[in-house]
2 protein chains.
Amino acid sequence: MHYFYSIDISGEFMMLSKEESEHCVRVMRHREGDVVRVTDGRGRLAEAVVAMADPKKCLLEIRQEITGSIPAHNGLQLAVAPTKNADRMEWLLEKSIEIGVCSITFLQCRHSERTRLNMERLQRLSVAALKQSQTTWLPELKMMEFAEFIRQNENILADKFIAWCDENNQRQLTDMPRHHHEMILLVGPEGDFSDEEVAMARHSGYVEVKLGDRRLRTETAGLYGCFAAAISKPLPS
Amino acid sequence: MHYFYSIDISGEFMMLSKEESEHCVRVMRHREGDVVRVTDGRGRLAEAVVAMADPKKCLLEIRQEITGSIPAHNGLQLAVAPTKNADRMEWLLEKSIEIGVCSITFLQCRHSERTRLNMERLQRLSVAALKQSQTTWLPELKMMEFAEFIRQNENILADKFIAWCDENNQRQLTDMPRHHHEMILLVGPEGDFSDEEVAMARHSGYVEVKLGDRRLRTETAGLYGCFAAAISKPLPS
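Residues numbered from 1 in each chain as written. Chains lettered and ligands numbered in written order. Predicted model: local features only at pLDDT ≥ 70, side-chain atom pairs only at ≥ 80, totals over all residues. Heavy atoms only, no water.

(A) Fine view of the interface of chain B and chain A. On the chain A side, the residues contacting the 26 residues of chain B number 26 residues. Roughly 2400 Å² is buried in total at the junction of chain B and chain A, and carbon and sulfur atoms are behind 56% of that figure. It is Glu98(B), Arg214(B) and Phe227(B) in chain B that bury the most area against chain A; as a group they hold 28% of the surface buried on that side. Summed over the shared surface of chain B and chain A, the number is four salt bridges. Among the ionic pairs, Glu219(B) bridges to Lys95(A), the shortest N-O distance being 2.9 Å. Linking chain B with chain A are 18 residue pairs in polar contact (both at pLDDT 80 or more), by the criterion used here. Among the elements of the structure, helix H2 (86-99) and helix H6 (218-231) of chain B are those that each provide at least two residues to the side of chain B that touches chain A. (Contact = heavy atoms within 4.5 Å. Buried area = accessible area lost by both parts, 1.4 Å probe. Salt bridge = Lys/Arg side-chain N within 4 Å of Asp/Glu carboxyl O. Polar contact = N/O pair within 3.5 Å; in protein donor to acceptor, adjacent residues only side chain to side chain. Helix = DSSP H or I, 4+ residues; strand = E, 2+ residues; numbered from the N terminus.)

(B) Region of the structure containing the sheet that holds strand S2 (residues 13-15) of chain A. Residue and element names in this part refer to chain A. One open sheet accounts for five strands, arranged S1-S3-S4-S5-S2; its pairing is mixed. Of all the strands in the sheet, just strand S1 (3-5) and S2 have a single pairing partner and so form its edges. Between one strand axis and the next, the sheet turns through 45° on average, direction left out of account. Bridge analysis of strand S3 (residues 35-39) against strand S4 (residues 45-52) gives five bridges, and the strand direction is antiparallel. Within the sheet, the bridge partner assigned to Val38 lies in S4 and is Ala46. Helix H3 (residues 119-132) rests against S1 and S3 of the sheet, and its axis sits at about 150° to S1. (Pairing = 2+ DSSP bridges. Axes fitted to C-alpha atoms, helices over the stretch in contact; angles between N-to-C directions.)

(C) Expanded view of the sheet that holds strand S11 (residues 207-209) of chain A. Residues and elements named next belong to chain A. Pairing in this open sheet of six strands is parallel, and the strands run S8-S7-S6-S10-S9-S11 from one edge to the other. Lying at the two open borders of the sheet, with one neighbouring strand each, are strand S8 (140-145) and S11. Mean inter-strand twist for the sheet, computed between neighbouring axes without regard to direction, equals 25°. Strand direction decides the pairing type here: strand S9 (residues 159-163) and S11, joined by three bridges, are parallel. Note that in S11 the partner of Phe161 across the bridge is Val207. Contacts from H3 reach strand S7 (103-108) and S8 within the one sheet, and its direction differs from that of S8 by about 150°. Sheet strands in contact with helix H6 (residues 218-231) are strand S6 (76-80) and strand S10 (183-187), and its direction is about 170° off that of S6.

Dropping the structure here:
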């Protein structure tokens, strides 16, 4: 069944956005009476019937809310330095949404190869990925300075890790005990984090971890984090 | 340092293939005296010096073998039904080589959406991925009927799993004990395996497992298997 996205799916009737109406009526060719699914990207999913197949203002009648058994996201707050090649960030975005990432922050690091991203395009791709993978969580996307990210998450209760390629560091992310439902993972640029950035993270309670035994590309490391968060279970608190 | 690939890196001198010579001399513009690295895709890596920078027949002088601490591959024999979209298989190929897959077999299943692949192109992409991720294992690529794959691996000592979306099956791949260094994972097409195929696998000792709690796309499921094989440690035999 086709999925659509709308910020608000409360109430008996709801109007799809211009883009979603276009997708529902023009692209998917839905007509009055067709049954579709709509998610708010915040964990809610509902079955709805097309009440008015207007390609600009498609009206849906909510039939019933569908409560899934799977958590909407895996609790991972992924913070990753964008790669030079934007495609690789876009596939990380698509895949991490499919696996169930909670939020993605693109970090501006000392050694970042790319300091600007087309956030509007990434937002559009997120919605597409959300619908395609038929999940119900649209991760919040942000772009932020490394230091600012550390500061903003200073007091957040979460298991905090920084992926850092250091010979002396033998702790594997997948071996680390989990204490909170939220996990923050910092993944650096191809040139890795600067010593100052690692020191700053360490001082803020981030534990240095390895992501397997190989040196992974930035986007692969990010995906590794998504799988690790999905696999590792937090200790009962 | 740049990586190159050659089937045979034994002996004091070696000649790169036409493609590799082109890549080394024309693309990377290496000249006599430049130091490069060359792998045989079978776990061996050597440091070499360009002895003759001929764009068709580049001669390398092997300096010394480099023995890495990381195993060349993670023991995973991945058998996956090709997706309709070839790009997604190529992506899986690139990523699984980066993570360290042992071999990849493209399965022709009852519900396969694609029964033919450009294996020559996939071979070329494998070599490119091998060099780009600077790993030393070039996985064997095969295309095979589902039943033939099961038959050929009947007597191979390995932990055998089939990823199968069944409500009643709650076993997670990442929770399964490992007994062998080799792991075989079967990943089905978008339309999933047929009941006959699942029965055949079960009869041949494959354990039905889930790959997390979400229904993943075929290529994402394949990558999940690569990460799981890298993470899970075989019991000491």
